[in-house]
Amino acid sequence: MPEKIDCAVIGAGVVGLAIARELALAGREVVLIEAEDAIGTHTSSRNSEVIHAGIFYVPGSLKARLCVEGKQLMYRYCAERGITHKRITKVIVATGEAQVAELGKYKQQAEANGVNDLQMLTREELRRIEPEVAAVAGFLSPSTGVVDSHALMLAYLGDAENHGASLVLSSPVQSGRVTGDGILLNVGGTEPMTVVCNTVVNAAGLCAQDVSRQVEGIPAATIPPTFYAIGHYYTLTGKSPFSRHVYPIARQDWHGVHVTVDLGGRCKFGPDFEWIDRIDYRFDESREALFYETVRHYYPGLKDGALQPGYTGIRPKIGGPSKLVTDFLIQGEHDHGVKGLVALYGIESPGLTSSLAIGKAVASLVGESQ
Ligand SMILES: Cc1cc2nc3c(=O)[nH]c(=O)nc-3n(C[C@H](O)[C@H](O)[C@H](O)COP(=O)(O)OP(=O)(O)OC[C@H]3O[C@@H](n4cnc5c(N)ncnc54)[C@H](O)[C@@H]3O)c2cc1C
């Protein structure tokens with residue numbers, strides 16, 4: 001007989017952990033099922049760790065709403081729990097006159113998203129605060145920050161476990177079936193098990209579509225296509241020449257390679273953007289020349305030999321080259337018709353920033369599907 005459990009959350013990345021926390025806090029009995037032998041080893045530990053303000057997202061989208069809400073929740077949570085973070089701020093810069101109008105467009109979009117604290121900067125003002133940045137104008141985003149994502153994930157896990165949740169590692173969900181009595185999952189790994197769940201949350205990140213396809217009874221038409229886009233990071237040797245994150249206005253051929261300053265005062269450039277056809281984190285060192293060229297558009301002081309290969313991350317995309325901008329896709333029963341199932345797809349940036357807000361949104365969908 002399969003074991004009966006209340007809620008299974010598939011995937012212990014930052015999003016699955018935040019969801020497990022929220023459901024456990026709401027009094028649900030939660031089992032968090034993770035394929036790897038540790039939490040957060042995929043996208044959640046291969047990102048920029050930026051707490052995003054909410055500037056770049058289409059007004060009214062889930063990304064816009066959950067980012068702005070998530071940012072506020074995140075700052076409060078980190079302060080209460082003593083998680084290392086900093087409102088380091090960010091400048092968004094135009095490197096040529098032709099881009100200045102775009103700054104205005106971003107500002108308008110940000111305001112439509114409820115981000116009302118942006119400050120326009122002249123060339124002189126920019127030079128005063130970021131002397132190494134070559135740009136003609138920009139704006140400052142005071143609410144952009146950086147967070148220790150590992151400490152954050154451990155705190156989510158701690159909260160969930162303190163409220164009765166359990167984590168099973170090295171346990172990939174391999175198949176399943178929607179039954180009249182709940183959703184059955186076959187879990188592999190060293191201690192295989194079969195469980196029947198009242199609620200299943202699919203938060204498997206890059207593998208979310210695969211997991212849904214493996215569960216008989218989830219209508220195939222509701223599962224979005226899968227695309228992967230890798231991003232490389234190069235680190236700069238020595239102390240950061242910038243005091244805050246620096247984002248150039250993205251030009252098509254640049255793919256918006258930006259600077260993020262970490263909590264230790266060092267900086268990295270990236271991520272770039274390249275479509276790939278499978279999950280493969282290998283670092284392609286042939287990107288180096290492109291990075292030097294791209295970065296020097298706004299940081300002409302970059303010295304030869306200063307960049308070191310860092311790491312890569314892969315964006316879980318649900319739109320391909322013909323549909324670059326997509327929203328988070330969070331489906332409840334009214335979307336796919338399966339009682340007790342919430343499925344999350346395309347949780348790319350700003351998923352880290354949005355994690356607490358996603359947790360709340362999913363808990364509310366779970367509540368509707370009782
Ligand atoms: C390059 C890059 C930079 C980014 N920068 C930022 C940023 O600065 N700020 C920001 O807010 N966001 C950023 N993001 C987005 C953010 O990192 C993600 O939205 C977030 O980490 C997604 O978390 P997740 O839990 O959904 O996915 P993941 O972290 O990938 O977790 C999914 C988990 O599911 C597990 N899993 C998969 N299949 C199975 C299975 N069959 N059974 C059980 N478990 C399974 C995996 O092992 C994994 O642990 C960035 C993303 C990328 C790619």
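Let us now look at the nonpolar core. Ala 8 and Val 9 are the most contacted members of the largest nonpolar core, which totals 112 residues. A total of 9 residues in this core trace back to one element, the largest contributor, which is helix 9 (residues 351-368). Each of domain 1 (3-46 + 150-225 + 325-368) and domain 2 (90-142 + 227-317) accounts for three or more of the residues forming this core.

The subject of this paragraph is the packing of helix 1 (residues 14-25) against helix 9. As a packed pair, helix 1 and helix 9 sit with axes 8 Å apart at the nearest point and diverge in direction by 45°. As summarised for this structure, helix 1 and helix 9 are arranged oblique, according to the angle between their axes. The crossing of helix 1 and helix 9 is right-handed. Residues Val 14, Val 15, Ala 18, Ile 19, Arg 21, Glu 22 and Leu 23 of helix 1 lie in contact with helix 9, whose contacting residues are Gly 351, Leu 352, Ser 355, Leu 356, Ile 358, Gly 359, Lys 360, Val 362, Ala 363 and Val 366. A class-by-class count of the residues in the contact of helix 1 with helix 9 yields 11 nonpolar, 3 polar and 3 charged.

Note: strand 1 (residues 3-10) against strand 12 (residues 193-202), 7 bridges, orientation parallel. Within the sheet, the bridge partner assigned to Glu 3 lies in strand 12 and is Val 195. For strand 11 (residues 182-187) and strand 12, the ladder comprises 5 bridges, and the chain directions are antiparallel. Bridge pairing links Leu 185 to Val 195 in strand 12.

Okay, the site of the ligand next. Taken together, 41 residues lie near the ligand, and Gly 11, Gly 13, Gly 205, Gly 313 and Gly 351 sit nearest. Going through the elements one at a time, helix 1, strand 19 (307-317) and helix 9 are the ones with two or more residues in the shell around the ligand. Taken domain by domain, the makeup of the shell around the ligand includes at least three residues from each of domain 1 (3-46 + 150-225 + 325-368) and domain 2 (90-142 + 227-317).

Moving on: the domain arrangement of the protein. We note that the domain assignment places domain 1 (3-46 + 150-225 + 325-368) and domain 2 (90-142 + 227-317) within the protein. Using C-alpha coordinates to define each centre, domain 1 is positioned 32 Å away from domain 2. The interface is formed by 8 residues belonging to domain 1 together with 10 residues belonging to domain 2. Residue composition of the side of domain 1 that touches domain 2, grouped by class: 3 nonpolar, 3 polar and 2 charged.

Taken together, the 3 strands give an open sheet; going across it, the order is 3-8-4, and neighbouring strands pair in antiparallel fashion. Across the chains shown, the open sheet's two edge strands, defined by having one partner strand only, are strand 3 (50-51) and strand 4 (85-86). Both strand 3 and strand 8 (residues 145-147) contribute to a ladder of 2 bridges, which runs antiparallel. Within strand 8, the residue paired with Val 50 across the bridge is Val 146.

Here the bond from Gly 270 into Pro 271 is cis, since omega is -5°, no more than 30 degrees from zero. Position of Pro 271 among the secondary structure elements: in the loop between strand 17 (267-270) and strand 18 (274-276). Here the amide bond leading from Ser 349 into Pro 350 is cis, since omega sits at 10°, within 30 degrees of zero. When you line up the elements, Pro 350 lands in the loop between strand 21 (341-345) and helix 9. In this model, Thr 89 sits at a positive phi of 75°, which is unusual for a non-glycine residue. For Thr 89, the position within the fold is in the loop between strand 4 and strand 5 (90-94). Unusually for a residue other than glycine, Ser 170 sits at a positive phi of about 50°. Locating Ser 170 in the fold gives a position in the loop between strand 9 (166-168) and strand 10 (173-179).

Definitions and cut-offs
- Residues numbered from 1 in each chain as written.
- Predicted model: local features only at pLDDT ≥ 70, side-chain atom pairs only at ≥ 80, totals over all residues.
- Core = buried A, V, L, I, M, F, W, Y, C linked by C-beta atoms within 7 Å.
- Buried ≥ 20, exposed ≤ 12 C-beta atoms within 10 Å, placed from the backbone.
- Helix = DSSP H or I, 4+ residues; strand = E, 2+ residues; numbered from the N terminus.
- Domains from an automatic or database assignment.
- Axes fitted to C-alpha atoms, helices over the stretch in contact; angles between N-to-C directions.
- Parallel < 35°, antiparallel > 145°, perpendicular 65-115°, else oblique.
- Left-handed = near helix turned anticlockwise from the far one by under 90°.
- Contact = placed C-beta atoms within 7 Å.
- Nonpolar A, V, L, I, M, F, W, Y, C, P; charged D, E, K, R; others polar.
- Pairing = 2+ DSSP bridges.
- Near = placed C-beta within 6 Å.

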